[in-house]
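What follows is the residue order along each chain.
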Amino acid sequence: MKKRGHYCKICGEYKANEKFSGKGHAAHICKACASLPPEKKSEMMTVNRLLSLPWRLSKEQVSWLKKKTYDKNPDIRALAEEQYEMRFAPTQFDEDEADEDFIEDKPFE
Ligand SMILES: [Zn+2]
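Not measured: the values here are computed from a predicted model.

### Some words on the overall build of the chain
Looking only at helices and strands, one finds 5 helices and 2 strands in the chain. Tracing the chain from N to C terminus, the helices and strands come up as β-β-α-α-α-α-α. Sorting the 109 residues of the chain into buried and exposed places 14% on the buried side.

So this is what it looks like as structure tokens:
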């Protein structure tokens, strides 16, 4: 038997097929995460994305990350600041803003 799981974009884990409902499959959301309230889902997805950012960020990623340092959720804000400061000096916060908005529910490819 092949051991191929599916990636859940909310918790960021590879899980077995049966951990996904039919709909969750296409959406890349496992059953456990599908039952979470929407704000929790987006929080987890954001945290997951913050943690999986590459070391060298694209302009869009920098812009997205910067935006997250102003997030209304303090946990996300703290994590975003941490990720940002790991890569840039905290004094360089006023770089040009990229003009494109990120579409929230699309994970980085
Ligand atoms: Zn999940």
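Back to the write-up after that little detour.
### Some thoughts on the packing of helix H4 (residues 59-68) against helix H5 (residues 74-87)
Helix-helix packing is described using two parameters, namely the angle between the two axes and the distance between the axes. Taken N-terminus to C-terminus, the directions of H4 and H5 make an angle of 135 degrees; their axes are 8 Å apart at the nearest point. In terms of orientation, H4 lies oblique with respect to H5. Considering only the axes of H4 and H5, their crossing is left-handed. Mapping the contact onto sequence places Leu 65, Lys 66 and Lys 68 in H4 and Ile 76, Ala 80, Gln 83 and Tyr 84 in H5. Its residues assigned to classes, the contact of H4 with H5 shows 4 nonpolar, 1 polar and 2 charged.

### Overview of helix H3 (residues 38-51)
For H3, with 14 residues, the first-to-last C-alpha span of 20 Å sits near the 20 Å given by 1.5 Å per residue. Three or more residues of H3 are buried, namely Met 45, Thr 46 and Arg 49. The buried residues of H3 all sit within an arc of 100 degrees when viewed along its axis, so they share a single face. Set apart from the buried face of H3 by more than 90 degrees, the exposed residues are Lys 40 and Leu 51. As for H3, its buried residues are in contact with H4 and H5.

### Looking at the environment of Met 86
Among the structural elements, Met 86 can be located in helix H5. Along the chain, Met 86 and Trp 55 lie 31 residues apart, while their C-alpha atoms are 8.9 Å from each other.

### Considering the environment of Asn 73
With respect to the helices and strands, Asn 73 occurs in the loop between H4 and H5. Among the residues examined, Asn 73 registers 15 C-beta atoms within 10 Å and is labelled partly exposed. Along the backbone, Asn 73 and Glu 43 are 30 residues apart, and their C-alpha atoms lie at a distance of 8.1 Å.

Thresholds, definitions, all that
Residues numbered from 1 in each chain as written. Predicted model: local features only at pLDDT ≥ 70, side-chain atom pairs only at ≥ 80, totals over all residues. Helix = DSSP H or I, 4+ residues; strand = E, 2+ residues; numbered from the N terminus. Buried ≥ 20, exposed ≤ 12 C-beta atoms within 10 Å, placed from the backbone. Axes fitted to C-alpha atoms, helices over the stretch in contact; angles between N-to-C directions. Parallel < 35°, antiparallel > 145°, perpendicular 65-115°, else oblique. Left-handed = near helix turned anticlockwise from the far one by under 90°. Contact = placed C-beta atoms within 7 Å. Nonpolar A, V, L, I, M, F, W, Y, C, P; charged D, E, K, R; others polar. Expected span 1.5 Å × (residues − 1). Arc of directions from axis to C-beta.

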